[in-house]
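Spelled out, the chains give:
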Amino acid sequence: MRSVLAVTVAGVTAIGLASAVVARLYRTEPTTRAQQRIAVPAYWTPAVPAGRAMFDGLAATAPATGIVVVNGSRSAPEVPRHPAWSQTVRTLRDGGTLPLGYVDTGYFGIDFGPGAHTTRPDGAGGGGSHLAAWRAQIDRDVDDWYALYGSDGLGGIFFDQTAALCGPDGAYVELHRAIVERVRTRYPGAYVVMNPGRSTERCYAGIADTLVTFEGSYLEYLAHRPAPWEHRVPAARLWHLVYDAPDPASMHRAVTLSKRRNAGFVYVTSEILTPDGRRHPWDRLPDDGYWRAELTAAYGRPVVPPAVPVTAAGPR
């Protein structure tokens, strides 16, 4: 029997070209500090009307909205194939926005202080926290995204919880290089983002297409100091994520700072992160007036998105 993966690889070559073309445009600019693109970690479900409406709204704001990260209901690919996720990927692709699939790397199980992350008990990693378990889960998640949604126009992969340190003799950075190269080899044209959520050592600068070098609150962003190398790379290499910017004035200040800091991609929201996890900044868009102002502030010229009701879309 021909594998689903084999069918999908052929499909990616044939009908994933739209996403590959968008990815090439981003690699060759014109994403600049003056004209940024919005890039949204859209961690809400498209299986309810409110979620679908927000994804449709994102697609309608291309090219100002350049990247949208699609996540599954368990912070993994939505398995089995779900028509709502399939339609979302198609809608984003057809609108000219690059849809990326979310893949957790769990820092490869490396314990940087709070304890090692574990893989999903029912996933390829079998609940383990060692390197082999994480590598098995990462590879399976990438392949599942493409097997199930590659033919819809999936444009690449968003690797979350990646390391910022090069590691002993470059060991950590080589782990990340390996998974990025595997994606590019198996899925030509894939756009790859890594999210350490903080400035990294210079060894990470050229591995992924884009690196999230800040993810945190507005107050943290005001005090943030980028690594020196971040000012010397093309703006499209960098993406900043800022939450808890309470009003449009704060949002404008954050966007202005992100341009000075050479970030080609940015997303700012008034949503907050609570310690109990009951509120998360990436589970909905900010209110309509805030969102419209942000699109214009980042893109550098007016953008008129459709009005989208801001309603919690429920768990992923």
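1. Looking at the packing of aromatic side chains
Then, in step 1: For the coordinates displayed, the defined rule picks out twelve aromatic pairs.
Then, in step 2: Here the aromatic rings of Phe112 and Tyr172 are separated by 5.7 Å at their centres, their planes lie at 90 degrees, and the arrangement is edge-to-face. On the criterion of sequence distance, the pair formed by Phe112 in the loop between strand S3 (98-104) and helix H5 (131-149) and Tyr172 in helix H6 (residues 171-186) is long-range, its members being 60 residues apart.
Then, in step 3: Every member of this aromatic cluster is reached through a ring pair, and the members are Tyr43, Tyr102, Phe158 and Trp239.
Then, in step 4: The ring of Tyr221 is capped by Arg261, whose NZ or CZ atom sits 4.5 Å from the centre of that ring.

2. What to know about the sheet that holds strand S5 (residues 191-195)
Backbone hydrogen bonds are what pair the strands of a sheet, in a parallel or an antiparallel way.
Then, in step 1: Spatial strand order, S1-S2-S3-S4-S5-S6-S7-S8: eight strands in a closed barrel with parallel pairing. Pairwise comparison of adjacent strand axes, ignoring direction, gives a mean angle of 25 degrees for this sheet.
Then, in step 2: Relative to strand S8 (residues 265-268), strand S1 (residues 37-42) runs parallel, the two being bridged by two bridges. Bridging across to S8, Ile38 finds its partner in Val266.
Then, in step 3: Across the sheet, helix H4 (residues 83-95) touches strand S2 (65-70) and S3, and the angle it forms with S2 is around 165 degrees.

3. Digging into unusual backbone geometry
Then, in step 1: Cis peptide bonds are those with omega within 30 degrees of zero, and the linkage from Ala62 to Pro63 qualifies with 5 degrees.
Then, in step 2: Relative to the helices and strands, Pro63 is located in the loop between helix H3 (49-59) and S2.
Then, in step 3: In the segment running from Val79 into Pro80, the intervening peptide bond is cis, with an omega of 0 degrees.
Then, in step 4: Position of Pro80 relative to the elements: it lies in the loop between S2 and H4.
Then, in step 5: Phi angles above zero are rare outside glycine, and Asp244 is one such case at about 60 degrees.
Then, in step 6: One can find Asp244 in the loop between strand S7 (238-243) and helix H8 (248-260).

4. Regarding H4
Then, in step 1: Taking 1.5 Å per residue as the helical rise, H4 with its 13 residues ought to reach 18 Å, and the 18 Å between its terminal C-alpha atoms agrees with that figure.
Then, in step 2: The complete set of buried residues in H4 reads Ala84, Trp85, Ser86, Thr88, Val89, Thr91, Leu92 and Arg93.
Then, in step 3: One or two positions beyond H4, positive phi appears at Gly96, with a value near 100 degrees.

5. Examining the side chain of Thr97
Then, in step 1: Within the secondary structure, Thr97 sits in the loop between H4 and S3.
Then, in step 2: You can call Thr97 buried: its relative accessible area is 1%.
Then, in step 3: Within polar-contact distance, the side chain of Thr97 engages the backbone oxygen of Thr65 at 3.0 Å.

Cut-offs applied
Residues numbered from 1 in each chain as written. Predicted model: local features only at pLDDT ≥ 70, side-chain atom pairs only at ≥ 80, totals over all residues. Heavy atoms only, no water. Phe/Tyr/Trp six-rings, centres within 6.5 Å; stacked < 30°, edge-to-face > 60°. Helix = DSSP H or I, 4+ residues; strand = E, 2+ residues; numbered from the N terminus. Lys NZ or Arg CZ within 6 Å of the ring centre and 35° of its normal. Pairing = 2+ DSSP bridges. Axes fitted to C-alpha atoms, helices over the stretch in contact; angles between N-to-C directions. Contact = heavy atoms within 4.5 Å. Expected span 1.5 Å × (residues − 1). Buried < 20%, exposed > 50% of the residue type's maximum accessible area, 1.4 Å probe, protein only. Polar contact = N/O pair within 3.5 Å; in protein donor to acceptor, adjacent residues only side chain to side chain.

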